[in-house]
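# A structural walkthrough
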Amino acid sequence: GVNVDAKLLVEEHDAVILCGGSTVPRDLPIPGRELEGVHFAMDFLTQNNKRVSGDIIPEEEVLVATDKNVLVIGGGDTGSDCVGTSNRHGAATVKQIELLAKPSTERDMATWPLWPMTLRTSSSHEEGCERDWAVLTKAFIGDVTGKLKGVRLINIMWKKNEETGRFQLEEIEGTERTIKCELVLLAIGFVN
């Protein structure tokens, strides 16, 4: 409840766990990050919720996907919400990329009892988008006015470092390309 005394909680329970989560979005500090058209996903989604609720957004702050080529970076739930919202705005195209490899449609029992890494397709994806996995974002490309016009991408593979046991990404030669894009939505998680 709203008025529960913290001291009472500690006295009546063996443990009290605070699970507020982070509201600080993870950034992608690559060339062109400062360009107009590169935004955090939650800024886009929060503004859309306000608009749907009837709030008036000042014209100079309006953030919509209408008639734009949209790239959603991040394959989780927030990214999925950006896909659906972009479609409902009337985006020209919507593409979603993920740094990790495409998950299997079957549960890998090696992940038990952890949350299964399986391919999930939401109703937002069913509205339409191109999805791609194991893709690294190299740079945001702008025009002379400082507006986003494209994104440079490259395919990667994950290789296990035998010395450390950790997986490292390796760029795949010959796969680098630039796609047309006027709106990037960063849906790559949150930091402490």
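Calculation criteria
Residues numbered from 1 in each chain as written. Predicted model: local features only at pLDDT ≥ 70, side-chain atom pairs only at ≥ 80, totals over all residues. Heavy atoms only, no water. Helix = DSSP H or I, 4+ residues; strand = E, 2+ residues; numbered from the N terminus. Buried < 20%, exposed > 50% of the residue type's maximum accessible area, 1.4 Å probe, protein only. Contact = heavy atoms within 4.5 Å. Areas by Shrake-Rupley, 256 points an atom, 1.4 Å probe, with all protein chains shown as cover. Core = buried A, V, L, I, M, F, W, Y, C linked by side-chain atoms within 4.5 Å. Pairing = 2+ DSSP bridges.

Here the focus is the overall build of the chain. Looking only at helices and strands, one finds four helices and eleven strands in the chain. Taken over the C-alpha atoms alone, the chain extends approximately 60 × 55 × 30 Å along its principal axes. The buried share of the chain, reckoned over its 192 residues, is 32%. A fraction of 62% describes how many contacts in the chain between residues 6 or more apart in sequence connect residues 24 or more apart. In the structure as shown, the chain presents an accessible area of about 12,600 Å², 53% of it carried by carbon and sulfur atoms.

Leu71, Ile73, Phe140, Leu148, Val151, Val184 and Leu186 are the most contacted members of the largest nonpolar core, which totals 17 residues. At the level of secondary structure, the elements contributing two or more residues to this core comprise strand 2 (38–40), strand 3 (69–73), strand 6 (135–142), strand 7 (148–160) and strand 10 (183–186). Here this core gets three residues from one element, more than from any other, and that element is strand 7. Excluding anything up to four places from it in sequence, Ile73 contacts Leu28, Ile97, Thr137, Phe140, Val184, Leu185, Leu186, Ala187 and Ile188. Within the second largest apolar cluster, 14 residues are counted, among which are Val70, Cys82, Val83 and Leu185.

The pairing of strand 6 with strand 7 spans seven bridges and is antiparallel. Residue pairing for strand 7: Ala139 is matched across the bridge by Arg152.

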